[in-house]
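One letter stands for each residue in the lines below.
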Amino acid sequence: PNYDELAPRPEVFDFNGVTMINAFTDNWENVQNFQARPDDIVVATYPKAGTTWVSCILDLLYFGQTHPERQTSIPIYLRVPFLEMALYSSEINFVGVDIVNKLDTSPRLIKTHFPVQFLPKSFWENNCRIVYVARNAKDNMVSYFHFDRMNAAQPAAGEWKDFFQRFLDGKMVFGSWYDHVNGWWQKKKTYPNLHYMFFEDLAENTDLEITKLCSFLGLSVSPEIRQHITGEVQFDNMKNNSMANYSTLGHGIMDFNTSPFMRKGKVGDWKNHFTVAQNEKFDEDYQQKMKDHTLQFRSLL
Ligand code: A3P
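In this report, the structure presented in the accompanying data block is examined. Worth saying up front: this structure is predicted, and the values here are computed from it rather than measured.

Of all residues adjacent to the ligand, which total 18 residues, the nearest are Thr51, Thr52, Ser143, Lys264 and Gly265. Serine 143 places a side-chain nitrogen or oxygen 2.6 Å from an oxygen atom of the ligand. Coverage of the ligand by the protein chains reaches 97% of its 570 Å² of free accessible surface. Of all the elements in the fold, those that place two or more residues in the shell around the ligand are helix H2 (51-63) and helix H13 (235-239). Element by element, the count of residues in the shell around the ligand is highest for H2, at three residues. A class-by-class count of the residues in the shell around the ligand yields eight nonpolar, six polar and four charged.

Next up, the structure:
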């Protein structure tokens, strides 16, 4: 879509059973035909699950020592491009595939929000390493709500109570949270090069999660460097870092006065949004939707 014509907000539609908007389907053929390299690293998430956080960690792990200038001069959305994104305006064209194809780093770090069945097949064929980040549904929903309020490229958030119902109905952009987290979890069984991590674990012990990530990636990183990275990616540091906080993405897309991209970075903020009745309804519905799956999130009581 063309940003200059983006008001009003984009319409959602059903795309192969998944709710989507044009920005993520316009370039479908090119995205599906994307040629992966065996050393490409994919960071896959449902929107608002901690994509930027893990993207920054990956970038620091791979390039923090060799290309420290990256962290202070290149926005995270160009260091770890969003594969399926296709936006055009008079000021900026943002076509994820083209940006990835111009990367001169090795490995290439690539972001996607696709549900597992949409990932271009070349990644599977090349046995690429994939890092999936999941966040508990309630906080993920709250974070998505504030994101849709501030991001003109997304459908309008509307009222919280309606957004809440749409989330339960799986009508968010990139589809149902439930399908997304379970679909990727299921894939782990047949695809060992998938590392599944949780926002809540990262919040509790960043250093430990980085250690596990390094082991998955086959990286040996000294405790000093690991601690340095842990410090760099603390919420306040990322919030204040213009190369991580999306503040460089002007162009009338994100309205930071409505809600900043780095909003709260907390586990449990859902308690400030869910009514008691919504919480009961949510829990009952959640049990139904998750009962046939082995994936477990930690209890947030
Ligand atoms: P909140 O809206 O709850 O604050 P994504 O990068 O997938 O869009 O996810 C954004 C969410 O991750 C936001 O959640 C943001 O604040 C949070 N986040 C980003 N970096 C973080 C960090 N370093 N520590 C904690 N939370 C972080």
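That shown, we press on.
Here we take up the packing of helix H11 (residues 206-217) against helix H12 (residues 223-232). Viewed as axis vectors pointing N to C, H11 and H12 meet at an angle of 125 degrees, and their least axial separation amounts to 9 Å. In this view, H11 runs oblique relative to H12, as classed from their interaxial angle. Crossing hand, H11 versus H12: right-handed. Residue-level inspection shows Thr206, Asp207, Ile210 and Thr211 of H11 in contact with H12, the latter providing Arg226, Gln227, Ile229 and Thr230. Within the contact of H11 with H12, the residues separate by chemical class into two nonpolar, four polar and two charged.

The next subject is H11. An α-helical turn contains 3.6 residues, so any two residues separated by three or four positions project in the same direction. Here H11 spans 16 Å end to end across twelve residues, near enough to the 16 Å set by a 1.5 Å rise per residue. Along H11, the residues that are buried comprise Thr206, Glu209, Ile210, Leu213, Cys214, Phe216 and Leu217. Projected down its long axis, H11 carries its buried residues within an arc of 160 degrees, all on one side. Packing partners of the buried residues in H11 comprise strand E3 (41-45), H2, strand E7 (129-134), strand E8 (194-198), helix H10 (199-204) and H12. Positive backbone phi, approximately 70 degrees, marks glycine 218, located one or two places after H11.

Mapping threonine 275 onto the fold places it in the loop between H13 and helix H14 (276-290). Along the sequence, threonine 275 and threonine 112 sit 163 residues apart, while their C-alpha atoms lie 32 Å from each other.

Quick notes on the rules
- Residues numbered from 1 in each chain as written.
- Predicted model: local features only at pLDDT ≥ 70, side-chain atom pairs only at ≥ 80, totals over all residues.
- Heavy atoms only, no water.
- Near = heavy atom within 4 Å.
- Polar contact = N/O pair within 3.5 Å; in protein donor to acceptor, adjacent residues only side chain to side chain.
- Areas by Shrake-Rupley, 256 points an atom, 1.4 Å probe, with all protein chains shown as cover.
- Helix = DSSP H or I, 4+ residues; strand = E, 2+ residues; numbered from the N terminus.
- Nonpolar A, V, L, I, M, F, W, Y, C, P; charged D, E, K, R; others polar.
- Axes fitted to C-alpha atoms, helices over the stretch in contact; angles between N-to-C directions.
- Parallel < 35°, antiparallel > 145°, perpendicular 65-115°, else oblique.
- Left-handed = near helix turned anticlockwise from the far one by under 90°.
- Contact = heavy atoms within 4.5 Å.
- Expected span 1.5 Å × (residues − 1).
- Buried < 20%, exposed > 50% of the residue type's maximum accessible area, 1.4 Å probe, protein only.
- Arc of directions from axis to C-beta.

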